[in-house]
Amino acid sequence: MTVATTLLRLSARDAVAITVALLTVLVAFWILIVSLTRVVVLVDEPFPGILANHRLVVTNTGQYDWTGSVAGLKYPDKILAVDDAPVESLDDLYSTVRNWEPGVEFYYTIKRGGDTREVEVASMEFSWADFLMTYGLAILVGFAYLVTGLIVFVLKFNRPVSWAFFSACFFLSIYYISIPSVTTPGLFGYTRLYLLANTFFPAAAIHMSLYFPNPRRLLDRMPYLPVLPYLISASLLLPILYLYPDKGFVLYWNLVVVYMVIGAFAVLLPILLEFIRPTSVLARQRSRVVLFGAALAFPLPAIAYSSQALFGSFLGGHVHINFLGLPILLFPVSIAFAIVKHNLFDVDAYIKRTVGYIMMTVILAGAYLGLQSGVRYLIDPVFGEAAEHLYPVLYAIMVVFLFNPVNKRIQLLIDRLFYRKEFDFKEVVENIEASLASVLDIDERMRRLANMIKATLFLDTAGIVVYADGDATGKSYFEITGEDESKTFTTHDITIRSDNPLTGLIASKKGIVTRFDLEESNKYRVHRDACIDQFDRLGASI
């Protein structure tokens, strides 16, 4: 079958979806190519030793060893003049510097707060290393966002949640790819794309929060609700484009920053609520995966950025701000994984193992440093110079005798943190055996077994169906939690025949079947409607 034949067989809606997706990708690549071609010409040319935007405000994306950074120029200093000659634009600034060889010192008149001061800064040569550290990293991160969004869109083709995620990734990609236009002369027009991406990303974030981790019921009554955040972004963008780079643009830009905070809360709050009070087991698994991604993505950049802002360095060194965008990629990647992956229950083991390894590494490193600093006061006076050889021996003894007990305690802590109790398969089986040993009535045995499964796995509903030889009807035992979670009621009225399509699917798959599998995977399309009807009748998700 040719590509042309495949396209002809697509529905009109799918064809429009593919066309829109391709156009957005082409736009992103066009911006990428323009940014690269315009910025590469700066390499091996003189530049001011700092990066400033088209408002002539010094940015925080320069390197720490540049002459401007060493001289003390920092965000948000505003450049007013160079060698007493007023500068009106970024083009004026670079034209002044390029008239001389690198290394010539210029006197910058800057405005910092309410004060005006002069700073002496030597020009520099913009090297390939400078290009890679500033613009190269930003373009790489932007390209990664675009690929991530495109993968989710293809794997979950034309789904509302995949559209929302693709939209968020697209605007993040444009934001990073257009960063060079903000500080490059001759690219003032493309800076508007940077402003557009900043303004529309909060709308895309709110859009995604309406569908992830679960679609909001409000969408049933208001199907056009996702359009509203984009209308708000458009109303903010128009005055920004009109006023930039004049001072009046700052008011609307501050509103965009507030809108960004709202968008961030809109994404994180539903995920956190699903983790604390899940509406379904699958939603809880999705929230767990995303929160794990957030725990890996945000702490290190936040600590590094705050440390450098407050104390001037991070662990005695300087981390370029563009590097901080790399670990943050783990957060959208975790959302992408949660959207694409149907069965997230096998992720638990990896999450627990990774968190356990991280905590054990931190504890062992801290113990080693503590041993070196603390025991020094006890051993040095006794053994003198020989004490240096005792530290590794004491550390090895501590690891041998304390590693397993500490590791076990940490795993128990992780189990309680992520799963609210420790889960031991052997212990659960033993508890079930002990609970059923003294019970002869089949109904009571099934009721206890269903309750045990429900309590262990934190389910609202747990059911067991028993089939006798030659009997296709089966006998059902369902324990269902009502609105008051302290009370349950049992129903035997739910009948699931052995020849039911859902029963056959479970028997053939010999594993977990979820509602998401049926709705989103084409391999279940033959019995999709009948199985979903059964899920609806049971009020189940797994």
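Residues numbered from 1 in each chain as written. Predicted model: local features only at pLDDT ≥ 70, side-chain atom pairs only at ≥ 80, totals over all residues. Heavy atoms only, no water.

A. Structural context of the overall build of the protein. Of regular secondary structure, the protein possesses 23 helices and nine strands. In the protein, once contacts between residues fewer than 6 apart in sequence are set aside, the share between residues at least 24 apart is 63%. (Helix = DSSP H or I, 4+ residues; strand = E, 2+ residues; numbered from the N terminus. Contact = heavy atoms within 4.5 Å.)

B. Quick peek at the environment of Val 250. Within the fold, Val 250 resides in helix 11 (residues 249–276). For Val 250 and Ile 240, which are ten residues apart along the polypeptide, the C-alpha to C-alpha distance reads 8.2 Å.

C. Quick look at the sheet that holds strand 2 (residues 78–82). Taken in spatial order, the four strands of this open sheet run 3-2-4-5, and their pairing is antiparallel. Each edge of the open sheet carries a strand with a single partner, namely strand 3 (85–86) and strand 5 (115–122). Relative to strand 4 (residues 105–112), strand 2 runs antiparallel, the two sharing four bridges. Bridging across to strand 4, Ala 81 finds its partner in Thr 109. Against the sheet, helix 4 (residues 90–98) touches strand 2 and strand 4, its axis set at about 160° to strand 4. (Pairing = 2+ DSSP bridges. Axes fitted to C-alpha atoms, helices over the stretch in contact; angles between N-to-C directions.)

D. Highlighting the side chain of Thr 109. Note on placement: Thr 109 falls in strand 4. On the basis of relative accessibility, which here comes to 14%, the residue Thr 109 falls in the buried class. Apart from residues no more than four positions distant in its own chain, Thr 109 is found in contact with Lys 78, Ile 79, Leu 80, Ala 81, Thr 116, Arg 117 and Glu 118. (Buried < 20%, exposed > 50% of the residue type's maximum accessible area, 1.4 Å probe, protein only.)

E. Summary view of the confidence of the model for the protein. On average, residues of the protein score 77 in pLDDT, and 72% of them reach the 70 mark or higher. Least confident of the elements in the protein is helix 1 (residues 3–8), whose mean pLDDT is 46; most confident is helix 10 (residues 227–243), at 94. This stretch, residues 1–8, has a pLDDT under 50; its non-local contacts, to residues over four places away or in other chains, come to two contacts. Note on residues 481–489: pLDDT under 50 across the span, and twelve contacts to partners over four residues away in sequence or across chains. (pLDDT = per-residue confidence, 0-100.)

F. Focus on the side chain of Ser 233. With respect to the helices and strands, Ser 233 occurs in helix 10. Using a relative accessible area of 0% as the deciding quantity, one classes Ser 233 as buried. Other than its neighbours up to four places away in sequence, Ser 233 contacts Thr 199, Phe 200, Ala 203 and Tyr 259.

G. Layout of the pairing of strand 5. Bridge count between strand 4 and strand 5: eight bridges; the pairing is antiparallel. The residue bridging Glu 105 from the neighbouring strand is Ala 122, located in strand 5. Following strand 4, the chain reverses through two residues before pairing antiparallel with strand 5; Gly 113 in that reversal takes a positive phi of roughly 65°.

H. Main features of the pattern of salt bridges. According to the stated counting rule, one finds one salt bridge in the structure shown. Its salt-bridge partner being Arg 112, residue Asp 77 comes within 2.7 Å of it at the nearest N-O pair. In this pair, Asp 77 is assigned in the loop between helix 3 (67–71) and strand 2 and Arg 112 in strand 4, connecting sequence segments 35 residues apart. Of the residues examined, Asp 77 reaches a relative accessible area of 1% and is grouped as buried. Since its relative accessible area comes to 21%, Arg 112 is described here as partly exposed. (Salt bridge = Lys/Arg side-chain N within 4 Å of Asp/Glu carboxyl O.)

I. Layout of the environment of Gly 186. With respect to the helices and strands, the residue Gly 186 is situated in the loop between helix 7 (179–182) and helix 8 (191–209). A sequence separation of 132 residues divides Gly 186 from His 54, and the C-alpha atoms of the two residues are 9.8 Å apart. Among all residues touching Gly 186, those that are not within four sequence positions of it are Arg 38 and Asp 91.

J. Quick peek at a nonpolar patch on the surface. There is a patch of nonpolar side chains on the surface, built from Phe 29, Phe 143, Val 147, Ile 151, Val 154 and Leu 155 and spanning about 510 Å² of accessible area. As for its placement among the helices and strands, Ile 151 is situated in helix 5 (residues 128–155). You can call Ile 151 partly exposed: its relative accessible area is 44%. (Patch = residues over 30% accessible without salt bridge, like charges linked within 9 Å, V, L, I, M, F, W, Y side chains within 5 Å. Areas by Shrake-Rupley, 256 points an atom, 1.4 Å probe, with all protein chains shown as cover.)

K. Geometry of the packing of aromatic side chains. Scanning all chains against the criterion turns up 19 aromatic pairs. Centroid distance Tyr 145 to Tyr 176: 5.6 Å. Interplanar angle 20°. Geometry classified as stacked. Residue Tyr 145 is found in helix 5, and its partner Tyr 176 is found in helix 6 (residues 160–177); the two are separated by 31 residues along the sequence. Both residues of the pair, Tyr 145 and Tyr 176, count as buried. Arranged with centres 6.2 Å apart and planes meeting at 75°, the rings of Trp 163 and Phe 166 form a pair that is edge-to-face. In this pair, Trp 163 and Phe 166 are both assigned in helix 6, three residues apart and thus about one turn of the helix distant. Classification of Trp 163 by relative accessible area gives partly exposed; the value is 22%. The class for Phe 166 is buried, based on a relative accessible area of 3%. Of the aromatic side chains, those joined through ring pairs into one cluster are Phe 47, Trp 66, Phe 126 and Tyr 135. (Phe/Tyr/Trp six-rings, centres within 6.5 Å; stacked < 30°, edge-to-face > 60°.)

L. Expanded view of the packing of helix 5 against helix 6. Remark: helix 5 packs on helix 6, axes separated minimally by 8 Å, with the N-to-C direction vectors making an angle of 165°. Between helix 5 and helix 6, the interaxial angle falls into the category roughly antiparallel. The handedness of the crossing between helix 5 and helix 6 comes out as left-handed. Where helix 5 approaches helix 6, its residues Ala 138, Ile 139, Val 141, Gly 142, Phe 143, Tyr 145, Leu 146, Thr 148, Gly 149, Leu 150, Val 152 and Phe 153 are matched on the opposing element by Ser 162, Trp 163, Phe 165, Phe 166, Cys 169, Leu 172, Ser 173, Tyr 176 and Ile 177. Counted by class, the contact of helix 5 with helix 6 contains 16 nonpolar, five polar and no charged residues. (Parallel < 35°, antiparallel > 145°, perpendicular 65-115°, else oblique. Left-handed = near helix turned anticlockwise from the far one by under 90°. Nonpolar A, V, L, I, M, F, W, Y, C, P; charged D, E, K, R; others polar.)

M. Local environment of the packing of helix 21 (residues 501–509) against helix 23 (residues 528–538). It is the contact of helix 21 with helix 23, at a shortest axis distance of 8 Å, that shows an interaxial angle of 100°. The angle between the axes of helix 21 and helix 23 places the two elements in the roughly perpendicular class. Residues Pro 501, Leu 502 and Leu 505 of helix 21 touch helix 23, and the partners they reach there are Ala 530, Cys 531, Gln 534 and Phe 535. Considering only residue class, the contact of helix 21 with helix 23 consists of six nonpolar, one polar and no charged.

N. Structural detail: helix 8. For helix 8, with 19 residues, the first-to-last C-alpha span of 28 Å sits near the 27 Å given by 1.5 Å per residue. Its axis deflected by about 30° at Phe 200, helix 8 carries its strongest bend there, up to four residues before the proline Pro 202. (Expected span 1.5 Å × (residues − 1). Bend = angle between axes of the 7 residues up to and from the residue.)

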